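# Observations on the model geometry
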Amino acid sequence: DGGITQSPKYLFRKEGQNVTLSCEQNLNHDAMYWYRQDPGQGLRLIYYSQIVNDFQKGDIAEGYSVSREKKESFPLTVTSAQKNPTAFYLCASSHQGRKYYEQYFGPGTRLTVT
Amino acid sequence: KQEVTQIPAALSVPEGENLVLNCSFTDSAIYNLQWFRQDPGKGLTSLLLIQSSQREQTSGRLNASLDKSSGRSTLYIAASQPGDSATYLCAVRDPDKLIFGTGTRLQVFP
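For the rest of this paragraph, the subject is the side chain of R36(A). All names here are of chain A. With respect to the helices and strands, R36 occurs in strand β4 (residues 31-37). There is a polar contact of 3.5 Å between the side chain of R36 and the side chain of Q82. A polar side-chain atom of R36 sits 2.5 Å from the main-chain carbonyl oxygen of N84.

Our focus in this paragraph is the nonpolar core. By size, the foremost hydrophobic cluster in this structure holds 23 residues, and its most contacted members are L33(B), W35(B), L75(B) and I77(B). Of all the secondary-structure elements, those providing two or more residues to this core are β3 (19-25), β4 (32-38), β5 (44-51), β7 (62-67), β8 (72-77), β9 (86-93) and β11 (104-109) of chain B. Leaving out residues up to four positions away in the same chain, I77(B) has contacts with E17(B), N18(B), L19(B), L21(B), R61(B), L62(B), D84(B), Y88(B) and L106(B). Counting residues in hydrophobic clusters, the runner-up holds 20 residues, among them L21(A), C23(A), W34(A) and C91(A).

Right, let's talk about the pairing of strand β1 (residues 4-7) of chain B for a bit. All names here are of chain B. Burial of β1 is one-sided: the residues V4 and Q6 facing one way are buried, the residues T5 and I7 facing the other way are not. Where β1 meets β3, four bridges bridge the pair, whose relative direction is antiparallel. Residue pairing across strands places I7 opposite N22, the latter belonging to β3.

Strands in a sheet are paired, the pairing made by backbone hydrogen bonds, and the direction either parallel or antiparallel. Residue and element names in this part refer to chain A. Spatially, four strands are ordered β1-β3-β8-β7 in an open sheet, and the strand pairing comes out antiparallel. The open sheet has two edge strands with one neighbour each: β1 (4-7) and β7 (64-66). If you compare each strand with its neighbour and ignore which way they point, the axes differ by 20° on average. Alignment of strand β3 (residues 19-25) against strand β8 (residues 76-78), held across three bridges, turns out to be antiparallel. The partner of T20 across the bridge, within β8, is T77.

What follows concerns the sheet that holds β7(B). Residue and element names in this part refer to chain B. Taken in spatial order, the five strands of this open sheet run β1-β3-β8-β7-β6, and their pairing is antiparallel. Of all the strands in the sheet, the pair left with one neighbour each is β1 and β6 (56-59). Across the sheet, the mean angle from the axis of one strand to that of its neighbour is 15°, orientation sign disregarded. Two strands pair when backbone bridges link them, and β6 and β7 are joined in this way by four bridges, in the antiparallel orientation. Within the sheet, the bridge partner assigned to S59 lies in β7 and is L62.

Across the contact, 23 residues belong to chain A and 22 residues belong to chain B. Summed over both partners, the interface of chain A with chain B buries about 1,800 Å², with 52% contributed by carbon and sulfur atoms. Linking chain A with chain B are one salt bridge. Where D59(A) meets K97(B), a salt bridge forms, and the shortest distance between an N and an O atom there is 2.9 Å. Where chain A packs against chain B, one counts seven residue pairs in polar contact (both at pLDDT 80 or more). Among the elements of the structure, β4, β5 (44-51) and β9 (87-94) of chain A are those that each provide at least two residues to the side of chain A that touches chain B. Among the residues making up the side of chain A that touches chain B, the classes are represented as eleven nonpolar, seven polar and five charged.

What follows covers the state of the cysteines. Under the counting rule described, the total for this entry stands at two disulfides over all chains. Disulfide pairing is shown between C23(A) and C91(A); the S-S distance is 1.9 Å. Note on the C23(A) and C91(A) pair: the S-S dihedral is about -70°, so by sign convention the disulfide is left-handed. With C23(A) in strand β3 and C91(A) in strand β9, this pair connects stretches of sequence that are 68 residues apart. Grouping residues by exposure puts C23(A) and C91(A) together as buried. There is a disulfide in this structure between C23(B) and C90(B), and the S-S distance comes to 2.0 Å. With the S-S dihedral at roughly 75°, the linkage between C23(B) and C90(B) falls on the right-handed side. Of this pair, C23(B) sits in strand β3 while C90(B) is found in strand β9, placing the two residues 67 residues apart along the sequence.

Rules used throughout
Residues numbered from 1 in each chain as written. Chains lettered and ligands numbered in written order. Predicted model: local features only at pLDDT ≥ 70, side-chain atom pairs only at ≥ 80, totals over all residues. Heavy atoms only, no water. Helix = DSSP H or I, 4+ residues; strand = E, 2+ residues; numbered from the N terminus. Polar contact = N/O pair within 3.5 Å; in protein donor to acceptor, adjacent residues only side chain to side chain. Core = buried A, V, L, I, M, F, W, Y, C linked by side-chain atoms within 4.5 Å. Buried < 20%, exposed > 50% of the residue type's maximum accessible area, 1.4 Å probe, protein only. Contact = heavy atoms within 4.5 Å. Pairing = 2+ DSSP bridges. Axes fitted to C-alpha atoms, helices over the stretch in contact; angles between N-to-C directions. Buried area = accessible area lost by both parts, 1.4 Å probe. Salt bridge = Lys/Arg side-chain N within 4 Å of Asp/Glu carboxyl O. Nonpolar A, V, L, I, M, F, W, Y, C, P; charged D, E, K, R; others polar. Disulfide = S-S within 2.5 Å.

Below you can see the structure in the form of structure tokens.
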């Protein structure tokens, strides 16, 4: 089945530790995205990548880092510099090069930092 | 800066009712608009995608309309069912990313 997988589903970390969230897609999509969702707020874009080895900051990139070494994979690292890392993180992907493309989402990772 | 608003924030209706969810956006220069469904603790499921040149899209009991000039979209759900209970999000493409509203939490009771 084609789709987007995110792992793990739940992640617990101590304050001050870096943590990496996994996102893999087998839809042959060029573009991939990371969003953060907090209660009562809409999704906010952290980083996005339109091609391999290239990525751009979104609206709330501070305290996060990404890499795009393979088309299928777009891992997100939440660093100790992120002041409020506890949130629900969603990865998405879509075709690129056309204006009218649909975004598809993974199941999400809930990160809790104490 | 594009802003997306969804009203109401929450809605509770009896089974069988037809209902309308609203989405408004401040900048009419959008490429497309997408409606999503989100169940508690889950990712987003795409329901309908309306291109900027289109007026509406239909899928089963769902119908979404788009009026760019007024900066509005509506999602119409016919004959609502308890299984429709979820949060519904709209998002506009602007242009390399999606800008999301905060969602409408829908509860359909038997």
